[in-house]
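Spelled out, the chains give:
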Amino acid sequence: MEPHGPDLEVRPAVRRCVAALSSSGDLNEVTQSLRTLGGFLGEGGDGDQPPPGQRGEFARAHYTRVLQCLVGHAGASWLELLPPAQRAELWDGLFLRGPPDQALLVLLDSLSSSSPSAGLDRVLDVLKQFLRAGRLNALLWSRCHGVPPPESPQLREALLGRLVSLPDIAANRLQHQNCADFLPASYYPLLAREVGTVLEQICVALRGGQDCSLTFVAQLLGKACMQGHSELMFAELVPRLSALTQSDMVWQRVCWRLVESVPERWVEGVVTGLVQAVDRPGALSRILGNVVVKNKKAQFVITHKLLLLQYKYKTPVLRSIVGYLAQDRERRPLLIQALRALLEAWCSGSAVRHTPLEQQLYLSRALLLCAAQLTEAELRDLRAEILQRMMDGMQCHLDSSVSRVRRLGMVVGECLSARLDPEGTQLKFQYDHDAETQELVSLMSPLPASESLSEDTPAADRTELPLNSSESPDRGQKSTTQPDSHQISMGTEQTTDKGDDSELDSDDELTPYDMSQDQKLSEVPPPRYLRDCLEALTTSGDPGKVEASLQAAEGLIRRNAAAAREVSVQLTKVLLHLEDSYNTAGFLGLRQGAMVALAVTDPIPVAEFLTTEFFALNYSLCHRMDILEDRGDPRSPSSGLESTDRSPVNPQCVLLPKGSRGTGGHWETCWVSSECLCFPLDWQGARRPAGSAPPSRFAPVAGHFFFPLLRNYDRPQVTFDLLGSDHLLLGRLVHTLGLLMHLAANAPVATQMGRALLDFVWAVRYHVDQVVRRGVLFAVCAVFLSMPSQHLLAELSEHLLETRAWLTDVAEGDPDDECRSLAMQSLLLLERSLKKELEPEP
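In this text the structure is predicted, and so the values were computed from the model without any measurement. (Residues numbered from 1 in each chain as written. Predicted model: local features only at pLDDT ≥ 70, side-chain atom pairs only at ≥ 80, totals over all residues. Heavy atoms only, no water.)

J.: Give a detailed account of the overall build of the protein chain, specifying residues and quantitative values.
T.: Scanning the protein chain from terminus to terminus reveals 43 helices and zero strands. Across the 842 residues that make up the protein chain, the buried fraction comes to 50%. Sequence-distant contacts in the protein chain: of pairs separated by 6 or more residues, those separated by 24 or more amount to 76%. Split by element, the accessible area of the protein chain, about 40,600 Å² in all, is 52% carbon and sulfur. (Helix = DSSP H or I, 4+ residues; strand = E, 2+ residues; numbered from the N terminus. Buried < 20%, exposed > 50% of the residue type's maximum accessible area, 1.4 Å probe, protein only. Contact = heavy atoms within 4.5 Å. Areas by Shrake-Rupley, 256 points an atom, 1.4 Å probe, with all protein chains shown as cover.)

Quick look at the structure:
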């Protein structure tokens, strides 16, 4: 088809210029060709401006081909002969004055396909000038102002892809010689600034009555967020948008339309990035508008994914989400919907057992924030439902074996009951107060509508702790702190009322007497013989006499071993059944110390008695826990830490976490500490000087402590069921067996103990309770560490692959982080044993 119209003049001229640039070596001819081509961009070489039709035809049909010719001959000799000023005007100007989208595509395509050369350096120089000269703003504005030119979807996708992936293209080609302008930390903030400038131009155009389109900018923002650059983009955009939308309705409408125009597949990245960057509900509401009502994907992300599925966000993010849902009447039904979903998840027993503790804490924060935003009318409608869910959820949390989970249920139950009935009877629990509980309680004091977070305060300076600690004291301590403050104020008033008379009677000049070394004299003398101590504990009703006997028991046992052996079993039985009837100070520690001293002095009879009584019927769970505590106490003979002759400590026999010698109330948080996770790898087979450590006193009696505890574990009793509901006791039993296994390292019976322990824990390795799974993995670590490697491989030869697969699955997918850590330790120990046996010695 013959050319017609402006193309009749443009095409021959462009053909001649391109031919001259490709083949001519005449500098004057090349310069004239560059001036002619530059003239089609609006600057004629002789001052003559080509007609607008010719300029438009050149930009539409010939500009890209001309730029491709230029980059193809970027290393030509004639380009070196041009003076720098003339080269910048003629050669660089062709890239910087034409349609920016075509120029960017040509430059990036050349960057991707060029090898290191002088031509590539010139392309990089032009690309730097393109970014620094504001050509990105011209590109975006050309796509937003007026009616955008018709183009294919493929071209639009290519342009979006090049804009978003420019740092990746540059890094792939330049690698270690990359330029700072092309790094993500520099490029994406620049792109965000250009987006903000274009949005400002759109606002000005809208006020002037001109039509604008936000589609391309929304697609660019969505694609950048989808590729993981939302943090860099919104760190530059959000402060600007937050300030401009405070009092300008046009800016608010532009922001709303911008978010609503993001394609469906990229909405999640934009919404998630905005929620993380905007930590104030008011600012988030001004930027997002009611997109959560209009867009189903945005609604799912905000009300479900960010609240129920993902739990990595901090409390300010949750405050922003909940406050955003509560600030508009059209969004409040979604707040109720989110509250119901959170209640459903919080009261689910399966969720409590199978989700990480961090996620449960995150759900609890979100639940309390939603409950704090409810109005009185909404509370009346939802009171029965919330109360029922609260009771179910508290039951699930209180049934857990993990103390933090139980405490979480108590705190949330207290807060919800106080919210449902502020003036009536409220739940009160006794638990340890820390920063976590204070933060949860503080969430029931919602932010005011005016947002208490300052607009000028940077997000990094805001903490998750209560914003006003004086208004949210620990609930369990309120009754004690208020009387103290009242007494202080009354004392101040009395001192003030005395006036000048108080100065006459002042004792400030008298030196106080040092009473720091004074000791309280006991009215009851301590018993001097062990049988007197036993009689006092058995028959005496005098609190002072019982306390004196308890305090003297351990010393009497250790000083007179022969007398202790005569009454060891009888005294152990008395101590096991002894109750703190008189509120004796340090009762549990005194009783435990005496029982451990008996086990040290007469190990076999005491061990047989305690292990037999562990499965007896007439004991509570507390008594059984005390028995296990006595077997695992670091002062018992199983640890090798104490002996009647005060022999040196054998370092090979120490594997007890800090704090395990107490009441057993904190053992589940102690035995997975770093002392138990980081086993020294040189304990087995390490060369030690002769006589550096005495023989283990536990080795001859290890079987008496270990095997009776495995005797009847699978037989349910009337008072307890190890394989049923008593998860805490089962976990403590497995952990104690693991300790005994490790303390029996290098003993002749260690192989038999390890075989029996592996058979026992294999049946409960998939237990639903994380405390039991922790105990199982701890026991497996102890077996791998204590059994000789040749015996270990012999016992695991049939199940070695299955054992490794199980440990790998736990290390990768268990919801509890302690289980994952212990599984990794077990894998390392197993690999070490395999390497030691299968690889020949040098």
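J.: So, the pattern of salt bridges: which residues are in play, and what are the values?
T.: This structure, assessed with the given rule, holds 23 salt bridges. Residue Arg340 pairs with Glu385 through a salt bridge whose shortest N-O separation is 3.1 Å. Taken together, the positions of Arg340 in helix H20 (residues 332-346) and Glu385 in helix H23 (residues 376-398) put the pair 45 residues apart, joining distant regions of the chain. For Glu385, a relative accessible area of 30% translates into the label partly exposed. (Salt bridge = Lys/Arg side-chain N within 4 Å of Asp/Glu carboxyl O.)

J.: Which residues make up the packing of helix H18 (residues 296-309) against helix H22 (residues 357-372), and what values go with them?
T.: Two numbers describe how H18 lies on H22: the axes approach to 8 Å, and their chain directions differ by 135 degrees. Taken together, the axis directions place H18 and H22 in an arrangement best described as oblique. Between H18, through Leu306, Leu307, Leu308 and Leu309, and H22, the contact on the second element is made entirely by Gln359, Tyr362, Leu363 and Ala366. Across the contact of H18 with H22, the residue classes break down as seven nonpolar, one polar and no charged. (Axes fitted to C-alpha atoms, helices over the stretch in contact; angles between N-to-C directions. Parallel < 35°, antiparallel > 145°, perpendicular 65-115°, else oblique. Nonpolar A, V, L, I, M, F, W, Y, C, P; charged D, E, K, R; others polar.)

J.: Describe the side chain of Asn290, listing the residues and the values that go with them.
T.: Within the element layout of this structure, Asn290 appears in the loop between helix H16 (281-288) and helix H17 (291-294). Reaching out from Asn290, the side chain makes a polar contact with the side chain of Glu330 at a distance of 3.1 Å. Among all residues touching Asn290, those that are not within four sequence positions of it are Tyr324, Asp328, Glu330 and Arg331. (Polar contact = N/O pair within 3.5 Å; in protein donor to acceptor, adjacent residues only side chain to side chain.)

J.: Residues and numbers for unusual backbone geometry, please.
T.: At Gln175, a position not held by glycine, the phi torsion is positive, near 55 degrees. By secondary structure assignment, the location of Gln175 is in the loop between helix H10 (166-174) and helix H11 (184-207). Despite not being glycine, Asn583 shows a phi value in the positive range, around 55 degrees. One can find Asn583 in the loop between helix H31 (568-577) and helix H32 (587-601).

J.: Tell me about the packing of aromatic side chains, and please be specific about residues and values.
T.: A complete count under the given rule lists six aromatic pairs for this structure. Measuring from centroid to centroid gives 5.2 Å for Phe40 and Phe58, while their planes differ by 20 degrees, and the two rings are stacked. Of this pair, Phe40 sits in the loop between helix H2 (27-39) and helix H3 (52-72) while Phe58 is found in helix H3, placing the two residues 18 residues apart along the sequence. In this structure Phe40 comes out as buried when scored by relative accessible area, which is 6%. Summarising the aromatic geometry, the rings of Phe706 and Phe707 are spaced 5.2 Å apart at their centres and angled 85 degrees between planes, so their arrangement reads as edge-to-face. (Phe/Tyr/Trp six-rings, centres within 6.5 Å; stacked < 30°, edge-to-face > 60°.)

J.: Describe the environment of Ser364, and please don't skip the residues or the numbers.
T.: Along the chain, Ser364 falls in helix H22. Take Ser364: its relative accessible area is 0%, and that puts it in the buried class.

J.: Which residues make up helix H7 (residues 118-132), and what values go with them?
T.: The α-helix advances 3.6 residues per turn, and as a result positions three or four apart in sequence lie on the same side. With 15 residues, H7 ought to run about 21 Å at 1.5 Å a step, and its terminal C-alpha atoms sit 21 Å apart, in line with that. Along H7, the positions that sit buried rather than exposed are Gly119, Leu120, Arg122, Val123, Leu124, Val126, Leu127, Phe130 and Leu131. (Expected span 1.5 Å × (residues − 1).)

J.: Mind laying out the packing of helix H24 (residues 403-420) against helix H25 (residues 435-442), listing which residues take part and the relevant values?
T.: Each pair of packed helices can be described by the angle between their axes along with the distance between the axes. The contact between H24 and H25 brings their axes to 10 Å, and the two run at 25 degrees. By the criterion of interaxial angle, the relationship of H24 to H25 is roughly parallel. Both H24 and H25 take part in a crossing whose hand is right-handed. Contact residues: H24 offers Arg404, Arg407, Leu408, Val411 and Cys415, while H25 offers Glu436, Thr437, Leu440 and Val441. Split into classes, the residues belonging to the contact of H24 with H25 amount to five nonpolar, one polar and three charged. (Left-handed = near helix turned anticlockwise from the far one by under 90°.)

J.: Quick rundown of the environment of Arg173? Include the residues and the values.
T.: Note on placement: Arg173 falls in helix H10. In sequence terms Arg173 and Leu111 are 62 residues apart; their C-alpha atoms lie 7.2 Å from each other. The contacts of Arg173, once residues within four sequence positions are left out, are Leu111, Ser112, Ser113, Ser114 and Leu120. Engagement of the side chain of Arg173 in a polar contact is seen with the backbone oxygen of Ser112, the distance being 2.6 Å.

J.: Could you give an account of the confidence of the model for the protein chain, with specific residues and numbers?
T.: Fine structural detail should not be taken from predicted coordinates in areas where pLDDT scores are low. With 78% of its residues at a pLDDT of 70 or more, the protein chain has an overall mean of 79. Note on residues 449-504: pLDDT under 50 across the span, and 47 contacts to partners over four residues away in sequence or across chains. Taken as a whole, residues 632-692 scores under 50 in pLDDT and shows 126 contacts with residues more than four places along the chain or in a different chain. (pLDDT = per-residue confidence, 0-100.)

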